[in-house]
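# Coordinate analysis (summary)
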Amino acid sequence: QVQLVESGGGSVQAGGSLRLSCVGSVYMYSYCMGWFRQAPGKEREGVATIESDGSTIYADSVKGRFTISRDNAKNSVSLQMNSLKPEDTAMYYCAADPLCGGGYNYWGQGTQVTVSS
């Protein structure tokens, strides 16, 4: 069973930065990892994903502002968020896809990000 624990959320003014971290309970070097978010009243959306080889994909809304990275030695994945906007306000979740194509089957509990204008 994979357990994921996120940290780093908080409240920040527009234009500010936050760094989210996610630590897993198992070696995740071969997993695809992703960050997702869900705002009140909205569907969950993908923010950024990173494959085992380090290749990344970003949602258009965060390109150029967010950076996903991983540290396999620490079983962790991070999301550096810069130039934050009020519309980035959401609960952010870390997720793991052990088969890289089998679906994100493991999820963290989420960390809240609130951006004020």
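Coordinates for the structure precede this section.
The sections below set out a description of the structure shown in this document.

The rules behind these values
Residues numbered from 1 in each chain as written. Predicted model: local features only at pLDDT ≥ 70, side-chain atom pairs only at ≥ 80, totals over all residues. Heavy atoms only, no water. Helix = DSSP H or I, 4+ residues; strand = E, 2+ residues; numbered from the N terminus. Rg over C-alpha atoms; globule rule 2.2 N^0.38 Å. Areas by Shrake-Rupley, 256 points an atom, 1.4 Å probe, with all protein chains shown as cover. Core = buried A, V, L, I, M, F, W, Y, C linked by side-chain atoms within 4.5 Å. Buried < 20%, exposed > 50% of the residue type's maximum accessible area, 1.4 Å probe, protein only. Contact = heavy atoms within 4.5 Å. Pairing = 2+ DSSP bridges. Axes fitted to C-alpha atoms, helices over the stretch in contact; angles between N-to-C directions. Disulfide = S-S within 2.5 Å.

### Focus: the overall build of the chain
Scanning the chain for helices and strands turns up 0 helices and 11 strands. Moving toward the C terminus, one meets the helices and strands of the chain in the order β-β-β-β-β-β-β-β-β-β-β. Its C-alpha radius of gyration of 13 Å places the chain within 12% of the 13 Å reference for a compact globule of 117 residues. Judged by the C-alpha coordinates and their principal axes, the chain covers about 40 × 25 × 25 Å. Here the chain has roughly 6100 Å² of accessible surface; of this, 47% comes from carbon and sulfur atoms.

### Description of the nonpolar core
If you look at the biggest cluster of nonpolar residues, it comprises 29 residues, and the most contacted ones within it are Met33, Trp35, Leu79, Met81 and Tyr92. Of all the secondary structure elements, the ones that give two or more residues to this core are β3 (18–24), β4 (32–38), β5 (45–50), β7 (66–71), β8 (76–81), β9 (90–97) and β11 (111–116). When residues in this core are grouped by element, the largest group, 4 residues, is from β9. The residues touching Leu79, leaving out its near neighbours within four places in the chain, are Leu18, Arg19, Leu20, Trp35, Val47, Ala48, Phe66, Thr67, Ile68 and Tyr92.

### Focus: the sheet that holds β8
To summarise the sheet geometry, strands pair through backbone hydrogen bonds and adopt either a parallel or an antiparallel arrangement. With respect to topology, 4 strands assemble into an open sheet ordered β1-β3-β8-β7, the strand pairing being antiparallel. Edge positions in the sheet fall to β1 (4–7) and β7, since each has one partner strand and no second. Ignoring which end each strand starts from, the neighbouring axes of this sheet average 15° apart.

### Brief notes about the state of the cysteines
The bond known as a disulfide is covalent and runs between the sulfur atoms of two cysteines. A complete count under the given rule lists 2 disulfides for this structure. The disulfide partner of Cys22 is Cys94, and the gap between their sulfur atoms is 2.1 Å. Note on the Cys22 and Cys94 pair: the S-S dihedral is about -75°, so by sign convention the disulfide is left-handed. Separated by 72 residues along the polypeptide, Cys22 in strand β3 and Cys94 in strand β9 bring together distant segments of the chain. Comparing Cys22 with Cys94 shows no difference in burial state: the two are buried.

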